[in-house]
Amino acid sequence: MLSDWIPATLEPAPFPTEGRCRGGHWLTPCWGVLELTPDHINPQVPASVISVAVHGNETAPVELLGDLLCQLDAEKMTLGAPTLLIFGHPKACVAQQRYIDTNLNRLFQRGLEGTTQEHHRAIELMSAVDDFFERYPSNPHLHLDLHTAIRRSEYPRFAVLPYAERTSPTATQWGWLSAAGIQAALVQHQHSWTFSHYSRHYHQATAWTLELGQVAPMGQNDLEPLAPMGALLSALIQGSAPSTDNPDAITYFVVRDELMRQGDHFSFHFADDTPNFTTFKPGTRLSEDDIAGPYIVGDDPVLVVFPNPQVEAGARAALLVTPTSRPGSA
Ligand SMILES: [Zn+2]
C-alpha cells in the first residue's frame, strides 16, 4: 500500500519497487522517491515534482503527503498526471534534525563537489528530477518544494520564488497558490542553490519553495490550515484543474538587501523570536558586527526574513525585503 511508503522510507524497511493504483502505476526508482505514472498521459497537464522534508525536522508536509497517499490507497483519488514524490532527507527526519552534516537545501547545483551525506543525497535527487522531467518534454513542468519555517511569521504560509532570468509564473499559477492559502511571496534576486531553484534553473519548471507554518514534531502538526494546500496537491496528482483565487490577494516582496555576517562577534538588536516579515523603520539599528559595524535601516522601511545570527562568518544572517508588485504583472 502506498501509505506504507513513508514509514518504510524512514525505517528504512523493504518496500515493493512497483505497483498499481487507480488510474496508473507507480515505481520507486531510489530510496525516498516515488514516481506515479498515469495510464493515459495528457500533454496539457503539469508533470509535477512534490518534495517534502528536504529539511528533516519539517514534518507538516510529510503528514500532508501521507494523507494524499492514503486517499490514493482508498481510491478516493484517481491518478491523472505524472508525479514525482520525493522524501528529501529521511535520515535527518529520523534524527529530528534540520540536517546531519550540512544544509541540503544549498547543494542543488550541478558539478558541486563535497563528501557529506547531504552532497550525495543532492546528487541522487537531482538525477531523479532530471530523469522525470526528461521523460515528459511536452508537459508543463512544476515543482513544489514543501517546508515549514523555523520561526513564527507575520504570514504563516508564504512562497519563495527562486531567481531566474526568464519568465515568471502566470497569474493563473499564482492564483493556485492564493487558493491554496499562500499569503505572501518572496521573489529571490539572485541564484541560491535550493531544490526549487534547481528545477526552475535547469528545467525551466514553474517552481516554488513553500513555507507552510512553523516547525513541529511529527504527529503534532495542525493540518487544518493546510487543507487548501492538500486540495492543490490532490488536483495536480489527479490532473484536474486546481482551484484558483485572486493572485493579488498574495502580498509580494522582493529582496532589497542581504544582511551579511562578517565578524566573529555578531548580534541582532531584535529578539530571537522576532517573526519573519517584521517591519523595521528607517534609522533602526538592526545588528552589530565587529568587522562590518552596525547595520542601520536606510530611507525606506524593510521587513526581515529568515534571520539567523548563528551563521558562520561570511554567510547571510538575514534577508531584508520590501513590497513589490506581482512578478509578470507590470
Ligand atoms: Zn526548510
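The name recorded for the protein chain in an unreviewed UniProt entry is Succinylglutamate desuccinylase, from Terasakiispira papahanaumokuakeensis. If you open the UniProt record of the protein chain and go to Catalytic activity (unreviewed entry), you find "N-succinyl-L-glutamate + H2O = L-glutamate + succinate". In the Sequence similarities (unreviewed entry) part of its UniProt record, the protein chain is described as follows: "Belongs to the AspA/AstE family. Succinylglutamate desuccinylase subfamily."

(A) Local environment of the sheet that holds strand 14 (residues 295-296). Read across the sheet, 3 strands follow the order 11-13-14 without closing on themselves; strand pairing throughout is antiparallel. Every other strand in the sheet has two partners, leaving strand 11 (266-268) and strand 14 as the edge strands with one partner each. Here strand 11 pairs with strand 13 (residues 285-289) via 3 bridges, running antiparallel. Bridge assignment links Phe268 to a residue of strand 13, and that residue is Ser287.

(B) Up close: the pattern of salt bridges. In total, this model carries 7 salt bridges according to the counting rule given. Residues Arg20 and Asp39 are paired through a salt bridge, measuring 3.0 Å at the closest nitrogen-oxygen approach. Linking Arg20 in strand 1 (residues 18-21) with Asp39 in the loop between strand 3 (33-38) and strand 4 (47-52), this pair joins segments that are 19 residues apart in sequence. Residue Arg20 is classed as exposed on the basis of its relative accessible area, which comes to 56%. On the accessibility criterion, Asp39 (40% relative accessible area) is partly exposed. The residue Arg110 makes a salt bridge to Asp130 at a minimum N-O spacing of 3.2 Å. Residue Arg110 is located in the loop between helix 3 (90-94) and helix 4 (117-135), and its partner Asp130 is located in helix 4; the two are separated by 20 residues in the primary sequence. For Arg110, a relative accessible area of 41% corresponds to the partly exposed category. Among the residues examined, Asp130 registers a relative accessible area of 15% and is labelled buried.

(C) Geometry of the domain arrangement of the protein chain. The assigned domain composition of the protein chain is domain 1 (2-249) and domain 2 (259-315). The C-alpha-based centres of domain 1 and domain 2 are spaced at 31 Å. Taken residue by residue, the interface counts 10 residues in domain 1 and 10 residues in domain 2. Here domain 1 and domain 2 share an interface that buries about 920 Å² over both sides, 60% of which is from carbon and sulfur atoms. When the area that domain 1 buries against domain 2 is broken down by residue, the three leading residues are Arg151, Arg152 and Glu154, summing to 57%. Counting every contact that joins domain 1 to domain 2 gives 0 salt bridges. Remark: the boundary between domain 1 and domain 2 carries 5 residue pairs in polar contact (both at pLDDT 80 or more).

(D) Expanded view of the packing of aromatic side chains. Within this structure, the stated rule accounts for 15 aromatic pairs. Geometrically, the ring pair formed by Phe108 and Phe195 is stacked, given 4.3 Å between the ring centres and 15° between the ring planes. Linking Phe108 in the loop between helix 3 and helix 4 with Phe195 in helix 6 (residues 195-203), this pair joins segments that are 87 residues apart in sequence. This pair shows no difference in class: Phe108 is buried, exactly as Phe195 is. Connected via pairs of aromatic rings, a cluster forms that spans Tyr155, Phe158, Phe253, Phe277 and Phe306.

(E) The side chain of Thr148, seen in detail. Following the sequence through the fold, Thr148 ends up in strand 6 (residues 141-149). Under the relative-accessibility criterion, Thr148 is labelled buried at 1%. Those residues in contact with Thr148 that lie beyond four places of it in its chain are Glu58, Thr59, Ala60, Pro61, Glu211, Leu212, Gly213, Gln214 and Val215.

(F) Spatial organisation of the coordination of the zinc ion. Within the protein, the zinc ion binds to His55 (ND1), Glu58 (OE), Glu58 (OE) and His147 (ND1); these donor distances fall in the range 2.0 to 2.4 Å. Metal-centred angles of 57 to 144° between the 4 donor atoms at the zinc ion mark the site as irregular. Between consecutive donor residues of the zinc ion, the sequence gaps follow H-x2-E-x88-H. Residue His55 is located in the loop between strand 4 and helix 2 (60-73), and its partner His147 is located in strand 6; the two are separated by 92 residues in the primary sequence. Pair check on accessibility: His55 and His147 agree, each one buried.

What counts and what doesn't
- Residues numbered from 1 in each chain as written.
- Predicted model: local features only at pLDDT ≥ 70, side-chain atom pairs only at ≥ 80, totals over all residues.
- Heavy atoms only, no water.
- UniProt positions renumbered as here; feature names shortened; annotations may be inferred.
- Pairing = 2+ DSSP bridges.
- Helix = DSSP H or I, 4+ residues; strand = E, 2+ residues; numbered from the N terminus.
- Salt bridge = Lys/Arg side-chain N within 4 Å of Asp/Glu carboxyl O.
- Buried < 20%, exposed > 50% of the residue type's maximum accessible area, 1.4 Å probe, protein only.
- Domains from an automatic or database assignment.
- Contact = heavy atoms within 4.5 Å.
- Buried area = accessible area lost by both parts, 1.4 Å probe.
- Polar contact = N/O pair within 3.5 Å; in protein donor to acceptor, adjacent residues only side chain to side chain.
- Phe/Tyr/Trp six-rings, centres within 6.5 Å; stacked < 30°, edge-to-face > 60°.
- Donors = N, O, S within 2.8 Å, 3.2 Å for Na, K, Ca; no water.
- Tetrahedral: all angles 85-135°; square planar, octahedral: opposite > 155°, others 65-115°.

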